[in-house]
Amino acid sequence: MLDTLFDEVPSDLVAYFDQIADGSLHKHDECEVSLLPPVDAVRWTNDFRDFHPLVQLLGGVILDDPNTSNHHVYLSAGSCKGAVLFLSHDGDSRIVFASLTAYLDAARRSISDSRDLSLFHPDGGVLIADQDGLYRLIADLYDGAGVDGADVILALIPSWDLTDIALLQRMAIDNDFYVAEAVGDAIARRPRPELESTALLCRNHSHPQASKAGERAMAALKAL
């Protein structure tokens, strides 16, 4: 079934579905845990690949259906390969687990502790190991992919180490205030002195939502 999605199914994804085959992590909607078996994961994935840029561009596979309109998504493409993204219907989508192993551990703890799985997400994004690849992906999307690319960029910025100041500063003054806001919030989560000039650009943005993110970034920098 999975081979309908891939030329070669990733080995970690095969191992993951083997581990959940007993169904013990399915239908725990009370704590947002309902991991899909392969046949349902493929069905959901095909539906999302028809319209959702994050699933399309990052080789996403839908992993769950906790009856919340939100989903965890395995990423199979490029620098994000192996990570798990939280696809939020109303909030901010971002990578929340570095691996399927970490995702499974959180799902089991969620059931054991009777706590929502979302409470096991990190406050910010998870830094991706392949930062060079992630930078190239963000830069390529920013310079040429239009609206769909912007949606993906917003989900990837929290996993970026923010080392390319030139690209950050271009984003900080972008007319799309969501991009500028994401930059400000990323700096607020991971402040470094060399990011102050970028934070100032966010704070001076014409849109109040981006400007407030810049203020949060400046406050975090002053607290260093």
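A brief look at the structure comes next. In this numbering scheme, every chain counts its residues from 1 along its sequence in written order. The predicted origin of the model limits local features to residues at a pLDDT of at least 70 and limits the giving and counting of side-chain atom pairs to 80 or more, whereas totals for whole chains, interfaces and linings rest on all residues. Hydrogen atoms and water are omitted, and side-chain values are computed over all heavy atoms in the structure.

### Observations concerning the sheet that holds strand E3 (residues 84-87)
The test is simple: Pairing between two strands is assigned when DSSP locates at least 2 bridges connecting them. Secondary structure counts use DSSP, requiring at least four H or I residues in a row for a helix and at least two E residues in a row for a strand, with both numbered from the N terminus. Under this scheme, a helix contributes an axis fitted over its contacting stretch, all axes are lines through C-alpha atoms, and angles between N-to-C directions fall in the 0 to 180 degree range. Contacts: residue pairs with any heavy atoms within 4.5 Å of one another.
Reading across the sheet, the four strands line up as E1-E2-E3-E4 and stay open at both edges, with antiparallel pairing between neighbours. In this open sheet, the two edge strands, each paired with only one partner strand, are strand E1 (60-62) and strand E4 (94-97). Strand-to-strand, the axes of this sheet are offset by a mean angle of 40°, without reference to chain direction. For E1 and strand E2 (residues 71-75), the ladder comprises three bridges, and the chain directions are antiparallel. Each residue of the ladder has a partner; that of Gly60, found in E2, is Leu75. Strands E2, E3 and E4 of the sheet are contacted by helix H4 (residues 100-113), whose axis makes an angle of about 70° with E4.

### Side note on the pattern of salt bridges
Going by this rule: By definition here, a salt bridge exists when the distance from a side-chain nitrogen of Lys or Arg to a carboxyl oxygen of Asp or Glu is within 4 Å. Exposure is judged per residue with a 1.4 Å probe applied to protein chains only, and the accessible area is read against the type maximum: over 50% gives exposed, under 20% gives buried, and values in between give partly exposed.
In total, this model carries five salt bridges according to the counting rule given. Taking the shortest distance from any N to any O, the salt bridge between Asp185 and Arg216 comes out at 2.8 Å. Placement of the pair is Asp185 in helix H8 (residues 177-189) and Arg216 in helix H10 (residues 208-222), with a sequence separation of 31 residues. Under the relative-accessibility criterion, Asp185 is labelled buried at 19%. On the basis of relative accessible area, Arg216 is assigned to the partly exposed category, the value being 39%.

### Focus on the packing of aromatic side chains
Applied cut-off: Centres within 6.5 Å are what make two rings of Phe, Tyr or Trp a pair, Trp counting through its six-membered ring; a difference in plane orientation under 30 degrees is then read as stacked, over 60 as edge-to-face, and the rest as tilted. Charges are assigned to positions over rings by a cutoff of 6 Å between ring centre and Lys NZ or Arg CZ, combined with an angular limit of 35 degrees from the ring normal.
This model, assessed by the stated rule, comprises seven aromatic pairs. An aromatic cluster is present here, built from Tyr16, Phe17, Phe97 and Tyr103 joined pairwise through their rings. The lysine or arginine in question, Arg49, covers the ring of Phe6, its NZ or CZ lying 5.9 Å from the ring centre. Of note, Arg115 hangs over the ring of Phe120, and the distance from its end group to the ring centre comes to 4.8 Å.

### Comments concerning the side chain of Ser88
Note that Ser88 resides in the loop between E3 and E4. Assessed through its relative accessible area of 16%, Ser88 is described here as buried. Each residue touching Ser88, except ones within four places of it in the same chain, is listed here: Asn70 and Ser93.

### A word on helix H1 (residues 11-19)
What counts is decided by this rule: What the arc covers is the set of directions going from the helix axis to the C-beta atoms.
Of the residues making up H1, those classed as buried are Leu13, Tyr16 and Phe17. Along the axis of H1, the buried positions cluster into a sector of 95°, meaning they face one direction only. Exposed and facing more than 90 degrees away from the buried side of H1 are Ser11 and Asp18.

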